[in-house]
Amino acid sequence: NDFLGWTNYTSKLPESEVKRIIATAQRIRENYDCLVVVGIGGSYLGARAAIEAINGLYSKDNFEIIFLGNTLSSTYTKQVLDYLENKKFAVNVISKSGTTTEPAVAFRLLKNLIIRKRGFAAVKDAVIATTDAHKGALKTEADAEGYDTFVIPDDVGGRYSVITPVGLLPIACAGIDIVAYQIHLHMDSAFRVRDLQLTKNYKDNPAYMYGATRYLLYKKGIPSEMYVSYEPQFAMIAEWLKQLFGESEGKEGVALLPTSATFTTDLHSMGQFIQEGSNVLFETILKPEHAQEDVEVESDSEDLDGLNYLAGKKLSYINDKAFEGTKEAHEKTGGKSVNIISFDKMDE
């Protein structure tokens, strides 16, 4: 009960704070080549999921968001530091305590790189700390050095912090409209109160239906849920969902194992198992009704690959047909249960 602040957080976030986040993001975009987000778990997963889902993996925006402090891999860390060697970068370090090993090590390395390349005075302007309001090593350093700071609310756990400055600042730095994002979240918060009254009419309540479905399939003896999308840029949403469900429910020897796959890619590796292997999973598919971008298959005079029957078809149409065929194969042939969470399009 101490960590339910996310259920109504957006109604309590002052407009002045949203404006300050937007102004800070504009300052960073105008004065730096990229932003390095330093955090692990909820301190980076939600923001990365939102940025990649909305902007795609090869964004037209030339301002980069880079993630560090989410691993102890020496190779990954060194390659990122080498990549940043000749770039002017800002750092958003995200940690309630400031002592979590992975982000603390990365932050120290980044500060040393800034000092070596641009001098000690450059650190104050380049670093934005998102941390506890009153205590902790990072808060102490931020106050001493004069970093810009944003607050991680006490009653919001890291898994849900994407709706706070933890997520809002990196998302704004990616050029995404966080006002539209916030408006939707505020509406969603209001809907959640209404939804509590809809349990008698459960078919009108997607969250209730989804929760009941997961519970019934778990009780039926299916031990794993596979989050599936047909968009590579949604892969980090699945990673975030795996944290939300795995960390929240995986206690006392119970809960579904959250896994993920990206179709059609993984149909060429895992498809055989999913369709005809042991009955150990059900699928939950994230399905936008409209693609963000599209491309048309052109005709070829030789038609050596035999694909002229697709000429003039949009790739989104072909992807939808792959979805429909796969769903039927997994349900009817494979005997697997398939949930679909559908929405109009992936935007703010």
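Up top you'll find the structure we're talking about.
Residues numbered from 1 in each chain as written. Predicted model: local features only at pLDDT ≥ 70, side-chain atom pairs only at ≥ 80, totals over all residues. Heavy atoms only, no water.

Q: Can you walk me through the side chain of lysine 139 in this structure?
A: On the secondary structure map, lysine 139 appears in helix α7 (residues 137-145). Those residues in contact with lysine 139 that sit more than four places away from it in its chain are Thr131, Asp132, Ala133 and His134. (Helix = DSSP H or I, 4+ residues; strand = E, 2+ residues; numbered from the N terminus. Contact = heavy atoms within 4.5 Å.)

Q: Help me understand the sheet that holds strand β2 (residues 64-68) in this model?
A: Two strands in a sheet stick together by hydrogen bonds in their backbones, pointing the same way (parallel) or opposite ways (antiparallel). Taken together, the five strands give an open sheet; going across it, the order is β2-β1-β3-β4-β5, and neighbouring strands pair in parallel fashion. With one partner strand each, in any of the chains shown, β2 and β5 (148-151) form the two edges of the open sheet. If you compare each strand with its neighbour and ignore which way they point, the axes differ by 20° on average. As paired strands, strand β3 (residues 89-94) and strand β4 (residues 127-131) are joined by four bridges and run parallel to one another. Bridging across to β4, valine 93 finds its partner in alanine 129. Contacts between helix α2 (residues 15-31) and the sheet are confined to β1 (34-38), β3, β4 and β5, with β5 contributing the most and set at about 140° to the helix. (Pairing = 2+ DSSP bridges. Axes fitted to C-alpha atoms, helices over the stretch in contact; angles between N-to-C directions.)

Q: Before we go on, may I ask you to explain the sheet that holds strand β7 (residues 257-262) in this structure?
A: Strands sit in the order β7-β6-β8-β9 across an open sheet of four strands; the sheet is parallel. Where the open sheet ends on each side, the last strands, each with one partner, are β7 and β9 (338-343). Neighbour-to-neighbour, the strand axes of the sheet open up by a mean angle of 20°, direction not taken into account. Two strands pair when backbone bridges link them, and strand β6 (residues 224-229) and strand β8 (residues 281-288) are joined in this way by six bridges, in the parallel orientation. Within β8, the residue paired with valine 228 across the bridge is isoleucine 285. Contacts between helix α11 (residues 235-249) and the sheet are confined to β6, β7 and β8, with β7 contributing the most and set at about 175° to the helix.

Q: Help me understand the environment of lysine 219, please; the structure alone is not making it clear to me.
A: Positionally, lysine 219 belongs in helix α10 (residues 206-219). With relative accessibility at 56%, the residue lysine 219 sits in the exposed group. Separated by 211 residues in the primary sequence, lysine 219 and asparagine 8 have C-alpha atoms spaced 31 Å apart. (Buried < 20%, exposed > 50% of the residue type's maximum accessible area, 1.4 Å probe, protein only.)

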